[in-house]
Amino acid sequence: MDLYEKAASASNFLQKIIHSEISYGIVAGTGLSGLADDIENPIEIPYDDIPHFPKPTVEGHVGKMVYGKIGNHYVLVLRGRFHYYEGYSMQEVTFPIRVLKALAVKRLIITNATGLLNPDFDAGHLVFVEDHINLFPENPLRGLNDERLGLRFPALSDVYNQKMLRDAHAIALGLKIKSHRGTYVGLQGPSLETPAEYKYLRSIGGDVVGMSTVPEVIVAAQCELPVLCISVCTNNPYKDGAKTTIEEVLEVANIAGEKIRKIIGKLLLQ
Ligand code: HPA
């Protein structure tokens, strides 16, 4: 079975459970799975049940989709994403995006945890991503192109949807949530950056840095899914004695996750 057929098969399985049009696919990043808690009458679908879905690398770490309504829209929240650093292939990392497209989801909201690079930002702030710099060693579209999956040479000039970004940013400002626009630098991890690397990533134009999102956004561009991406700045590498720990990342992401919930809650009333 090729990739297109695998995504179609996963989508056919999900269509037996999901009976409405889905307006938004939402990828819940590290520490941000609380986003699914706002869904009315949620239906949970473990990744394990979905044909061809990648298997979790961490035992007992449940990935699942949560389907239902937020505000005026049906959504499908992906709790748990597949990171390249876990050893997944780029095709596996981006498989959920292919499945969302096969389900005819209209728009994608991606969230993630990041280290800040722009010294005007602070831990806990949100960043609406308007551009990215891809430093992953591999592109998810490498290889023979299957035209059923989308374009061979997708443009990335407007993959971050300006209207969704403006609307979401306006909501954040209205709620007095500290937020910015910025450029996300994506690299493979899982080791964090050295002080010299943070400086370098800033000097090439990055505002935040993380280990996900870019492959998903490239695939979204290929299949022409508009994207809104919201990053949480979880750690400030310029702080005296800064040493990033996963505990710090999770703690800050959890708190900021509440802010993202409020923004998405209002956005989905539109
Ligand atoms: N670097 C890369 N990825 C990250 C960071 C960071 O500092 N914080 C959270 N994800």
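This one's a predicted model, so the numbers in the text were calculated from it and none came from an experiment.

## Quick look at the overall build of the chain
Along the chain, the regular secondary structure elements total 7 helices and 9 strands. Against the compact-globule benchmark of 18 Å for 270 residues, the chain has a radius of gyration of 18 Å, which places it among compact chains. Based on the C-alpha atoms only, the size of the chain along its principal axes is roughly 55 × 40 × 40 Å. For the chain, with 270 residues in total, the buried portion stands at 51%. Of all intrachain contacts in the chain linking residues separated by at least 6 positions in sequence, the fraction that spans at least 24 positions is 82%.

## A few points about the pattern of salt bridges
Applying the stated criterion to the full structure yields 11 salt bridges. A salt bridge links E258 to R261, with the nearest nitrogen and oxygen atoms 3.2 Å apart. Placement of the pair is E258 and R261 together in helix α7 (residues 246-267), with a separation of 3 residues, close to one helical turn. Taken together, the shared-partner salt bridges connect D2, D146 and R148 into one network.

## Remarks on the site of the ligand
With respect to spatial proximity, the complete set of residues near the ligand consists of A113, T114, G115, L192, E193, Y198, V209, G210, M211, T234 and N235. One of the backbone nitrogen or oxygen atoms of A113 is found 3.4 Å away from a nitrogen atom of the ligand. The contact in question runs from an oxygen atom of the ligand to an N or O atom on the side chain of Y198, over 2.6 Å. More than half of the atoms of the ligand fall within 2 Å of the grid points belonging to the largest pocket. For the shell around the ligand, the secondary structure elements donating two or more residues are β5 (107-116), β8 (208-210) and β9 (227-235).

## Let's talk about the nonpolar core
By size, the foremost hydrophobic cluster in this structure holds 48 residues, and its most contacted members are M65, L108 and V227. Apart from the residues lying within four places of it in its own chain, the contact partners of M65 are L14, I43, E44, I45, Y47, I50, F53, L76, V77 and L78. If you look at the next biggest cluster of nonpolar residues, it comprises 31 residues, including I70, V75, F128 and L268.

## Structural notes on the pairing of strand β1 (residues 24-28)
Put simply, side chains in a regular strand alternate between the two faces of the sheet. Among the 5 residues that make up β1, 5 are buried, leaving the element largely enclosed by the rest of the structure. Going residue by residue along β1, you find Y24, I26 and A28 tucked away on one face and G25 and V27 tucked away on the opposite face as well. Here β1 runs beside strand β4 (residues 73-79); their pairing, made up of 5 bridges, is parallel. Along β4, the bridge assignment pairs G25 with L76.

Definitions and cut-offs
Residues numbered from 1 in each chain as written. Predicted model: local features only at pLDDT ≥ 70, side-chain atom pairs only at ≥ 80, totals over all residues. Heavy atoms only, no water. Helix = DSSP H or I, 4+ residues; strand = E, 2+ residues; numbered from the N terminus. Rg over C-alpha atoms; globule rule 2.2 N^0.38 Å. Buried < 20%, exposed > 50% of the residue type's maximum accessible area, 1.4 Å probe, protein only. Contact = heavy atoms within 4.5 Å. Salt bridge = Lys/Arg side-chain N within 4 Å of Asp/Glu carboxyl O. Near = heavy atom within 4 Å. Polar contact = N/O pair within 3.5 Å; in protein donor to acceptor, adjacent residues only side chain to side chain. 1 Å grid on protein atoms, 1.4 Å probe; cavity = no way out; pocket = protein on both sides within 12 Å on 5 of 7 lines; lining within 4 Å. Sits in = over half its atoms within 2 Å of the grid points. Core = buried A, V, L, I, M, F, W, Y, C linked by side-chain atoms within 4.5 Å. Pairing = 2+ DSSP bridges.

By themselves, these observations are geometric and do not establish any function.
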